[in-house]
Amino acid sequence: MNTKIIYKHKNHLMLVSLILIVFAFVNYYVTHNKNILEILLMIASIVGLLPILFQAYSALKIKVISIDVLVVLAVLGAFIIKNYEESAIVTFLFLFGSFLEQKTLNHTKKAIKELTDLTPLEAAVLKDGLTVKIPIEEVLVGDLVVVKTGEKVPVDGLIVEGSGYLSEASLTGESIPVSKTLSDQVYASSILDDGHIVIKTTAVLEDTTFGKIIEMVVEAQDKKSRAWQFIDRFSTFYTPVVLIFGLLMGLLTKDLELGVTILVLGCPGALVIGIPVSNVAGIGFGAKHGILFKGSETISDLAKSDVFIFDKTGTLTKGFPEVVEMIAYDSNVDKIKNYYKSLEETQTHPLAKSILNYVGDVSTFEVKDLNVIKGQGIKGYINDKRILLGNQALMDDYQVELSSVLNDIKRFEDKGLSYVILAEEEKVLSVISIGDQLRDNINNDLKRLRQLGVKDTYILSGDNQGAVDKIKDSLNMTQGFGGMLPKDKKAFIDKLVLEGRKVTFIGDGINDAPSLASATIGISIKGGTDVAIETSDVVLMHHDLYHLATAKRLAGKILRNMWQNIIISLLVVIVLLYQVLYNSQMTMSIGMLVHELSILVVILNGMRLLKTNIKEK
Amino acid sequence: MKQMTLQLETLTCPSCLLKIEKGLKRLEGIDKDSVEVMFNSSRVKLSFDDSKLDSNEIQKTIENIGYDVLKTTLK
């Protein structure tokens, strides 16, 4: 039990040892009493050594030669040659170093901690007509959970009572609240902006979508890349080599201090900590901005990937029909909108839905003798006037004069858009064009990718070649292939991967699962949904492609940061060993100082990632 | 065989990993290849034979080396 007490007061002991050292030297300059100086420094050494001694003992018990063991050896060595100044300073520096490491390391982990802290801790469960707050761990699937305005939804579930507006920003990055009502699915970590709901629990904690996201990020921090594994293997092999080298040098030169100094300097502290620090800071920073990497290898692959392959519908395009343009051939635009709404309100067709969305909240007329003409459109009477809404064939059947609108129709056809004509008696009032449009700013998003070194961008789509070519040309992409089945897409990707290229595939994650799995990096565009988490190597929480280039840029930064850390730590070890062997001025204290400093330098370098500018350039 | 995940207090020194890993591998009933000590998330994952080893023993081993165990999950 006393071990625990000593660990707990490690920082206090460090402080005591510092005070003793300072007091010892101040006292010496005033009184010039060497004996008191030595005694005080000896006490400081012992105070500082205590926690290190316990750590060393626990390591030796399980036959591990840890840095604590080496420091203890070093201090004992200093005691033997009666150099108390050295022993006091070495122990203090070692304790102070680990104190600073702890503080700064906690900082690098902050971003991920903030994310995990979003996990709800308790839920108001309805039991026998009473609402009881219970810890989240005790909530069972099937329990009824009450959520009030302003509260966080604690579990995944279905609404069984009430309705409200929910903000799902923590999952989708979308800040506009969504309206949800009876039997709609709600997700843990979303916030009820307005309303009062009772939900039936379908998943708790790790099983919720949010829980899976958290779990993915937490696990990602330690998923090692090949470079990381290599450095790990290198350091496990390096420590015993240095140990033997130090012992040999000590024995050969009969210089105990030299031998022990080599031992301390040989501990690959910065080397072991450098990569994890870059990784945790980078992954944490990404997570905070809605970019989730599944591990270190993914980061390295994405940074190097120079082929980006896109699915078309729902990836490059918005994935649902939308009104592109409404042309009015009559000055009374309001009347035209009223007509559209009056007729389309009766329909369930997806095009009707997009037109209704477009005209918005306008008044309607009473429609008489409504008739749906299959494959052509609808006919009805408003204020005793015959109104037609449909395609060219419908207009031809009722002798509507089309000559004045043919130009506009051709323009829409060229763009690959659908269109609907609205006519009053024999006169065309309006033409409205509808299409699955490209995502906003997609051109710019692709341009940013090219600036980051992406050489080839492809579209693979099940749609016809004509539609694919139009998009390919307007976005300056390398090549586009239409009429592709999921297995064709997979074969195309496999071939590129086999050629040794790092391929990134971006799709919707539902019918693209084989492609996502085959690509070096699969990214689903579905935001923070179950599908995306399961199929993607990088999850983008926002439903846009802006963050794709941002993710690539961040990956590049993390990768560079890791290499900087590897180089810094290797250089420090080499320079220090060289100094120990060839520079007689080199003491153990300086060695310890540089060793601890190098660890701090790689941590601080990793922390720079937390200040990455996520916006352009 | 059972799978166990232990959430430890924040690990801050690289040599902690080695200590915990070696300490656990010495236990009878542990699947040595499954022991994974994760530095960034401060977690330990392992599989063990529950007929030979009690899960409390695993927790105690880590605590004896000097690290607090905050949470354990058994599967």
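Refer to the structure printed above.
Notes on the structure in this doc start here. (Residues numbered from 1 in each chain as written. Chains lettered and ligands numbered in written order. Predicted model: local features only at pLDDT ≥ 70, side-chain atom pairs only at ≥ 80, totals over all residues.)

Remarks on the overall build of chain A
So, point 1. Scanning chain A from terminus to terminus reveals 24 helices and 20 strands.
So, point 2. Here the C-alpha atoms of chain A give a radius of gyration of 34 Å, more than 25% beyond the 25 Å that 2.2 N^0.38 yields for 617 residues.
So, point 3. By its C-alpha atoms, chain A is 115 × 65 × 45 Å across when sized along the principal axes.
So, point 4. The buried share of chain A, reckoned over its 617 residues, is 43%.
So, point 5. A sequence separation of at least 24 residues applies to 65% of the contacts in chain A between residues at least 6 apart. (Helix = DSSP H or I, 4+ residues; strand = E, 2+ residues; numbered from the N terminus. Rg over C-alpha atoms; globule rule 2.2 N^0.38 Å. Buried ≥ 20, exposed ≤ 12 C-beta atoms within 10 Å, placed from the backbone. Contact = placed C-beta atoms within 7 Å.)

Notes on the sheet that holds strand β17 (residues 479–481) of chain A
Backbone-to-backbone hydrogen bonds join strands into a sheet, with any given pair of strands oriented parallel or antiparallel.
Residue and element names in this part refer to chain A.
So, point 1. Judged by pairing direction, the sheet is parallel, and its five strands sit side by side in the order β17-β16-β9-β18-β19 without closing on themselves. At either margin of the open sheet sits one strand with a lone partner, and together these are β17 and β19 (521–524). Across the sheet, the mean angle separating the axes of adjacent strands is 20 degrees when strand polarity is ignored.
So, point 2. By the bridge criterion, three bridges tie strand β16 (residues 456–460) to β17 in an arrangement that is parallel. Residue pairing for β17: isoleucine 459 is matched across the bridge by glycine 480.
So, point 3. In the packing of helix α20 (residues 486–498) onto the sheet, contacts are made with β9 (307–311), β16 and β18 (503–507), and the angle to β18 comes to roughly 160 degrees. (Pairing = 2+ DSSP bridges. Axes fitted to C-alpha atoms, helices over the stretch in contact; angles between N-to-C directions.)

Structural notes on the packing of helix α3 (residues 34–61) of chain A against helix α5 (residues 84–108) of chain A
When two helices pack together, their arrangement is given by the angle between the helix axes and the distance between those axes.
Residue and element names in this part refer to chain A.
So, point 1. Close contact between α3 and α5 brings their axes to 8 Å; oriented N to C, the two are set at 35 degrees. Helix-helix and strand crossings are classified by hand; for α3 and α5 the assignment is left-handed. Between α3 and α5, the contacting residues are Glu38, Leu41, Met42, Ala44, Ser45, Gly48, Leu49 and Ile52 on the first element and Tyr84, Glu85, Ser87, Ala88, Thr91, Phe92, Phe94 and Leu95 on the second.
So, point 2. Along the lines of polarity and charge, the residues of the contact of α3 with α5 split into ten nonpolar, four polar and two charged. (Left-handed = near helix turned anticlockwise from the far one by under 90°. Nonpolar A, V, L, I, M, F, W, Y, C, P; charged D, E, K, R; others polar.)

A short note on the sheet that holds strand β14 (residues 418–424) of chain A
Residues and elements named next belong to chain A.
So, point 1. If you walk across this open sheet you meet the six strands as β10-β15-β14-β13-β12-β11, and the pairing is antiparallel. Both outer strands of the open sheet, β10 (322–328) and β11 (368–373), are each paired with one neighbouring strand and no more. Ignoring strand direction, the axes of neighbouring strands in this sheet form an average angle of 15 degrees.
So, point 2. Here β10 runs beside strand β15 (residues 427–435); their pairing, made up of six bridges, is antiparallel. Paired with valine 323 across the strands is isoleucine 434, a residue of β15.
So, point 3. Contacts from helix α14 (residues 333–344) reach β10, β12 (377–382), β13 (385–390), β14 and β15, with the element oriented near 115 degrees to β12.
So, point 4. Sitting on the sheet, helix α17 (residues 406–414) is in contact with β10, β14 and β15, with an inclination near 10 degrees to β15.

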